[in-house]
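# Understanding the architecture of this molecule
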Amino acid sequence: MLIKTRDSGFIHPVSSEITSQGMYQQRRDMIKLMAGGAAGAALAGWAGREALAQGVGKPGKLAALPGAKSGVAGAVTMEKVTDYKDSTTYNNFYEFGTDKADPAKNAHTLVTKPWTVAVEGLVKQPKTWAIEDLIKLSAQEERIYRLRCVEGWSMVIPWVGYSLAELIKKVEPLGNAKYVEFITQADPKTMPFVGSRVLDWPYVEALRMDEAMNPLTLLTFGMYGEVLPNQSGAPVRLVVPWKYGFKSGKSIVKIRFTDKEPRTAWNKAAANEYGFYSNVNPDVDHPRWSQATERRIGEDGLFAKKRKTLMFNGYEAQVGQLYAGMDLKKNF
Ligand SMILES: Nc1nc2c(c(=O)[nH]1)N[C@H]1C(S)=C(S)[C@@H](COP(=O)(O)O)O[C@H]1N2
Ligand SMILES: [Mo]
């Protein structure tokens, strides 16, 4: 169901996402029931093919991008890694459609070569980087992060990249730079939903400078030892593991240093629902649903238990001090 937001009058599909998530789960449950039960050979065959398509996971055939295991505190979890097929077929990338399956189907039209990232605003060294040079700026690390979507699902992914702090140090922010804004690609020729009124394009996200400098904030070029597939934000995205997934902008083309808190795409769409900080917090409900639990993608069977959502997505030891003294109910 599409709903109208009070703030903007824009139609935005947050409620429909919840519905499609529910349908996805039902379908998976059905498949498992049919595969296991006495549903007959024909159905079992279909379920088998469907399971294969959903995928027991091997990375695709993209270029290798290996990274050494990260030494950053908290950057590697021992939890089971989400199947590649699951994490690359259940995505939010609204430039390619609002259904979770749309990005995997549609993002092949994204042109990732040539690609540049302009670093601008309040820095001593503004520069437009060719993606090839940006990749080489620092050593690639593999970090196994949880990423939790505001809608209540999560994944565990071996990302490849380096701390955004490496780039920030290189470009030398001026003393008055307080925020970093991430502007992503918005090309109506290659992104079929840019031009739809779902969001105010380009998709923009932002962090406070100290959040951007935190070593956990990953400038990400790959996953599972390969370059990012288009639907996951090729050729470069952010992963900010203690914040709701939407803070992790995909297919970044511009990084701008500012002195004022930037307006972000989801904040513009519904300010009462999506605050600037958007830290994962089980104690602060979204106005339309609880944030206390989550569903791990790949554990969505009929009897799978929901997981308890952790404060700062489990990264409290690493980032809790960034918010000392702040009222997290106000600064949600
Ligand atoms: N450019 C862009 N970046 C985006 C989005 C988007 O729609 N467009 N969706 C965000 C949301 S809501 C989430 S949950 C994550 C999902 O990342 P994943 O598909 O790799 O899991 O990407 C974020 N980055
Ligand atoms: Mo999300």
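On a predicted model such as this, the values are computed, not experimentally measured, just so you know.

Criteria and cut-off values
Residues numbered from 1 in each chain as written. Chains lettered and ligands numbered in written order. Predicted model: local features only at pLDDT ≥ 70, side-chain atom pairs only at ≥ 80, totals over all residues. Heavy atoms only, no water. Near = heavy atom within 4 Å. Polar contact = N/O pair within 3.5 Å; in protein donor to acceptor, adjacent residues only side chain to side chain. Areas by Shrake-Rupley, 256 points an atom, 1.4 Å probe, with all protein chains shown as cover. 1 Å grid on protein atoms, 1.4 Å probe; cavity = no way out; pocket = protein on both sides within 12 Å on 5 of 7 lines; lining within 4 Å. Sits in = over half its atoms within 2 Å of the grid points. Nonpolar A, V, L, I, M, F, W, Y, C, P; charged D, E, K, R; others polar. Core = buried A, V, L, I, M, F, W, Y, C linked by side-chain atoms within 4.5 Å. Buried < 20%, exposed > 50% of the residue type's maximum accessible area, 1.4 Å probe, protein only. Helix = DSSP H or I, 4+ residues; strand = E, 2+ residues; numbered from the N terminus. Contact = heavy atoms within 4.5 Å. Phe/Tyr/Trp six-rings, centres within 6.5 Å; stacked < 30°, edge-to-face > 60°. Lys NZ or Arg CZ within 6 Å of the ring centre and 35° of its normal. UniProt positions renumbered as here; feature names shortened; annotations may be inferred. Pairing = 2+ DSSP bridges. Axes fitted to C-alpha atoms, helices over the stretch in contact; angles between N-to-C directions.

Let us look at the site of ligand 1. Close to ligand 1 lie 14 residues, the nearest being Asn91, Tyr94, Glu95, Arg237 and Lys250. Here Asn92 contributes a backbone N or O atom positioned 3.2 Å from a nitrogen atom of ligand 1. Within the backbone of Ser248, an N or O atom sits 2.8 Å from a nitrogen atom of ligand 1. In the complex, the protein chains occlude 98% of the 530 Å² of accessible area that ligand 1 would expose alone. Mapping ligand 1 onto the cavity grids shows that it belongs to the largest cavity. Taken together, the residues of the shell around ligand 1 break down into five nonpolar, six polar and three charged.

Moving on, we come to the nonpolar core. Within the largest apolar cluster, 80 residues are counted, with the highest numbers of intra-cluster contacts made by Leu134, Trp159, Leu167, Leu219, Trp242, Ile255 and Phe257. Take this core: its biggest share by element is six residues, from strand β7 (residues 153-163). With residues near it in sequence (within four places) discarded, Leu167 still touches Val119, Trp129, Leu134, Leu137, Leu219 and Ile255.

Attention now moves to the environment of Leu174. For Leu174, the location among the structural elements is in the loop between α6 (164-171) and β8 (179-184). Each C-alpha atom, one on Leu174 and one on Gln125, is 9.6 Å from the other, the two residues being 49 residues apart in sequence. In this structure Leu174 touches Leu122, Val123 and Lys124, once residues within four positions along its chain are discounted.

Right, let's get into the packing of aromatic side chains. Scanning the model with the defined rule gives 12 aromatic pairs in all. An angle of 80° between the planes, with centres 5.4 Å apart, marks the rings of Phe246 and Tyr274 as edge-to-face. With Phe246 in the loop between β12 (237-239) and β13 (252-258) and Tyr274 in the loop between α8 (265-269) and β14 (293-296), this residue pair connects regions lying 28 residues apart in the sequence. Overall, Phe246 belongs to the buried group, its relative accessible area being 10%. Owing to a relative accessible area of 2%, Tyr274 belongs among the buried residues under this scheme. Considering the side-chain rings of Tyr277 and Tyr323, the 6.0 Å spacing of their centres and the 85° angle between planes classify their relative orientation as edge-to-face. Linking Tyr277 in the loop between α8 and β14 with Tyr323 in the segment after α9 (316-319), this pair joins segments that are 46 residues apart in sequence. Summarising the burial analysis for this pair, Tyr277 and Tyr323 share the class buried. Positioned above the aromatic ring of Trp129, the side-chain terminus of Lys127 is 3.9 Å from the ring centre.

Turning to the side chain of Thr88, a few remarks are in order. Note on placement: Thr88 falls in the loop between α3 (84-87) and α4 (102-106). A distance of 2.7 Å separates the side chain of Thr88 from the backbone oxygen of Tyr84, its partner in a polar contact. Discounting chain neighbours no more than four positions away, the residues touching Thr88 are Ala104, Met223, Pro229, Gln231 and Ser232.

With that settled, the discussion passes to the UniProt feature "binding site: Mo-molybdopterin" (unreviewed entry) in the chain. As recorded in UniProt, the sites labelled "binding site: Mo-molybdopterin" (unreviewed entry) are Asn91, Tyr94, Glu95, Cys149, Thr184, Arg237, Ser248, Gly249 and Lys250. Cross-referencing the annotated residues with the largest cavity identifies Asn91, Tyr94, Glu95, Cys149, Thr184, Arg237, Ser248 and Lys250 as lining it. By the element assignment, Glu95 lies in the loop between α3 and α4. Among all residues touching Glu95, those that are not within four sequence positions of it are Thr184, Gln185, Met191, Pro192, Phe193, Val194, Trp201 and Tyr203. For Thr184, the location among the structural elements is in strand β8. A relative accessible area of 2% places Thr184 in the buried class.

This part covers the sheet that holds strand β4 (residues 116-121). If you trace the five strands from one edge of the open sheet to the other, you get β5-β4-β13-β8-β9, paired in mixed fashion. Two strands in the sheet have a free side with no partner beyond their single neighbour: β5 (127-130) and β9 (204-208). Sheet twist, expressed as the average angle between the axes of neighbouring strands with direction ignored, equals 15°.

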